[in-house]
Amino acid sequence: LFLQVYGINPSTIRVTWRYVAPSVHEEPLTGYKVRVWETDKDVSQANDTEVLIGHRLETTITNLTPGKTYYLRVLAYSQVH
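Parameters and conventions
Residues numbered from 1 in each chain as written. Predicted model: local features only at pLDDT ≥ 70, side-chain atom pairs only at ≥ 80, totals over all residues. Heavy atoms only, no water. Helix = DSSP H or I, 4+ residues; strand = E, 2+ residues; numbered from the N terminus. Buried < 20%, exposed > 50% of the residue type's maximum accessible area, 1.4 Å probe, protein only. Contact = heavy atoms within 4.5 Å. Areas by Shrake-Rupley, 256 points an atom, 1.4 Å probe, with all protein chains shown as cover. Lys, Arg positive; Asp, Glu negative; His and termini not counted. Charge placed at Lys NZ, Arg CZ, Asp CG, Glu CD. Pairing = 2+ DSSP bridges. Core = buried A, V, L, I, M, F, W, Y, C linked by side-chain atoms within 4.5 Å.

### Some words on the overall build of the protein chain
Broken down by element type, the protein chain carries zero helices and six strands. Beginning at the N terminus, the succession of helices and strands in the protein chain can be written as β-β-β-β-β-β. Counting only C-alpha atoms, the protein chain reaches 45 × 25 × 15 Å along its principal axes. By residue count, 22% of the 81 residues in the protein chain fall in the buried class. Sequence-distant contacts, at least 24 apart, represent 61% of the contacts inside the protein chain between residues at least 6 apart. Put simply, the protein chain shows about 5800 Å² of open surface, and 49% of that area lies on carbon and sulfur atoms. Looking at charge distribution, the protein chain has the averaged site of its 8 positive side-chain charges lying 6 Å from that of its 8 negative ones.

This is how it looks when you write it as structure tokens:
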């Protein structure tokens, strides 16, 4: 997954990524989750932002603490029928 992060201001970033094509043996994608958490915290404390298929492959993450370091992960998901 190709990911780019752009700083907007000290507490806001814009995240963009490229579409992931599932294989023929996988369910169609439903959307993406952008997961953000502080590097000194556990991933269980992460905040997720959902972006559904059909929308632009980008989101804005706000309320970041200036001076803190964060991990960021974009996860593609499908809905199992």
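### As for the pairing of strand β1 (residues 3-9)
Walk down a regular strand and you will see the side chains alternate between the two sheet faces. As paired strands, β1 and strand β2 (residues 12-17) are joined by six bridges and run antiparallel to one another. Each residue of the ladder has a partner; that of G7, found in β2, is I13. Connecting β1 to the antiparallel partner β2 that follows it, the hairpin turn spans two residues.

### Here's the deal with the nonpolar core
Among the nonpolar cores identified, the biggest contains 11 residues, and these are I13, V15, W17, L29, Y32, V34, V36, V51, I61, L64 and V74. For this core, the element with the highest residue contribution is strand β3 (residues 29-38), accounting for four residues. Leave out the neighbours within four places in its chain, and L29 touches Y19, V20, P22, I53, A76, Y77 and S78.

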